[in-house]
Amino acid sequence: MRVVALASGSSGNALWVQAGATSVLLDAGLGPRTLAQRLASVGGALHKVTALLLTHEHDDHVRGVSPLVQRYGLPAVGTPGTLRATLGGDGEQCALRPGGELRVGELVVRALAVEHDALEPAAFEVEHDGVRLLVAVDLGSVGQDLLDRGRLADLLVVDCNHDEERLWRGPYPALLKRRIAAPTGHLSNAQAAAFVAACATARRQTVWLAHLSAVNNTPALALAAVRETLAVQGLVAPVLVAARDRVSLRWDSDAPAGEQLGLPDLHGES
Ligand SMILES: [Zn+2]
Ligand SMILES: [Zn+2]
């Protein structure tokens, strides 16, 4: 299984997941032209995408969905609430209830309910040949079932939105601060660190920190929080930060863990 971070954060989210002849976009929060460019830069193409997996209906996750469904006829997979809020009755839709699983080409996709201020948000586990990706972005708290699946993941993509001190001292209006920090908002660096540490087992696991706020976080703060928490508990895992606005990380289940490195700025996008 190959996973590439195409964008991560409040200005757009998309991961490309490919295994065998199947490839899916996990969220499509960029316009079709940008998605096409970024996919092409890593050897993908929109017309070869098997399906769109949608975590929830917020614009930074679904901005490109309607055009992709209309132009390419791509089927959309998500919870019934997410599909209804994103597409209404348009296009081919495969509803997946939290707790359920669905085969998408050569992949098995499982949805897990998460707490976030959307209609029916979900985390996704994507499995191919016993290799598992877990994507848990846009959630404000971590439930037991997410921890249980997180322990099985070979690649864990975790919401790591804000440094708490920066959020509370920062420029956002009080109401927005409370919304972000709420159990239905986003994970702080400390919450993400606790989640990552709780998922660490003897299994070799790579961690991507995702959806960092440009205002209330920095990659250095997020990395330090997670690495320090792991170190205190005697745990070691490769931890990398997904960039907001460019192709940034690639993971290949066939490569040794030491080679799960960030990509350089491939095309000069800043
Ligand atoms: Zn988001
Ligand atoms: Zn959201």
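About the cut-offs
- Residues numbered from 1 in each chain as written.
- Chains lettered and ligands numbered in written order.
- Predicted model: local features only at pLDDT ≥ 70, side-chain atom pairs only at ≥ 80, totals over all residues.
- Helix = DSSP H or I, 4+ residues; strand = E, 2+ residues; numbered from the N terminus.
- Rg over C-alpha atoms; globule rule 2.2 N^0.38 Å.
- Contact = placed C-beta atoms within 7 Å.
- Expected span 1.5 Å × (residues − 1).
- Buried ≥ 20, exposed ≤ 12 C-beta atoms within 10 Å, placed from the backbone.
- Arc of directions from axis to C-beta.
- Core = buried A, V, L, I, M, F, W, Y, C linked by C-beta atoms within 7 Å.
- Axes fitted to C-alpha atoms, helices over the stretch in contact; angles between N-to-C directions.
- Parallel < 35°, antiparallel > 145°, perpendicular 65-115°, else oblique.
- Left-handed = near helix turned anticlockwise from the far one by under 90°.
- Nonpolar A, V, L, I, M, F, W, Y, C, P; charged D, E, K, R; others polar.

A. Fine view of the overall build of the chain. From N to C terminus, the chain includes nine helices and 14 strands. Over its C-alpha trace the chain gives a radius of gyration of 17 Å, about what one expects of a compact globule, namely 18 Å for 270 residues. With the C-alpha coordinates of the chain rotated into their principal frame, the extents come out at 45 × 45 × 40 Å. A fraction of 61% describes how many contacts in the chain between residues 6 or more apart in sequence connect residues 24 or more apart.

B. The arrangement of helix H9 (residues 219-232) in detail. Taking 1.5 Å per residue as the helical rise, H9 with its 14 residues ought to reach 20 Å, and the 20 Å between its terminal C-alpha atoms agrees with that figure. Within the sequence span of H9, burial applies to Ala 222, Ala 225, Val 226 and Thr 229. The buried residues of H9 occupy an angular sector of 85 degrees when projected down its axis, which confines them to one face. Facing away from the buried side of H9 by more than 90 degrees, the exposed set consists of Ala 220, Glu 228, Ala 231 and Val 232. Immediately beyond the C-terminal end of H9, within one or two residues, lies Gly 234, with a positive phi of roughly 70 degrees.

C. Structural view of the environment of Ala 200. Positionally, Ala 200 belongs in the loop between helix H8 (189-199) and strand S12 (206-210). Once the C-alpha coordinates of Ala 200 and Arg 151 are considered, the two residues, 49 residues apart in sequence, prove to be 6.2 Å apart.

D. Focus on the nonpolar core. Grouped together as the largest cluster of nonpolar side chains are 79 residues, with contacts concentrated most on Leu 15, Leu 52, Val 157, Val 158 and Leu 209. Among all residues touching Leu 52, those that are not within four sequence positions of it are Val 24, Leu 25, Ala 28, Val 65, Leu 68, Leu 74, Ala 76 and Val 77.

E. Here's a closer look at unusual backbone geometry. One non-glycine residue, Asp 27, lies in the positive phi region at around 70 degrees. Checked against the element boundaries, Asp 27 lands in the loop between strand S3 (22-26) and helix H1 (32-41). Judged by the 29 C-beta atoms lying within 10 Å of it, Asp 27 is buried. Positive phi outside glycine occurs at His 211, with the angle close to 60 degrees. Tracing the chain through its elements places His 211 in the loop between S12 and H9.

F. Structural context of the packing of H8 against H9. Viewed as axis vectors pointing N to C, H8 and H9 meet at an angle of 40 degrees, and their least axial separation amounts to 9 Å. When the axes of H8 and H9 are compared, the pair comes out oblique. Helix-helix and strand crossings are classified by hand; for H8 and H9 the assignment is right-handed. Residues Asn 189, Ala 190, Ala 192, Ala 193, Ala 194, Val 196 and Ala 197 of H8 touch H9, and the partners they reach there are Leu 221, Ala 222, Ala 225, Val 226, Thr 229 and Leu 230. Residue composition of the contact of H8 with H9, grouped by class: eleven nonpolar, two polar and no charged.

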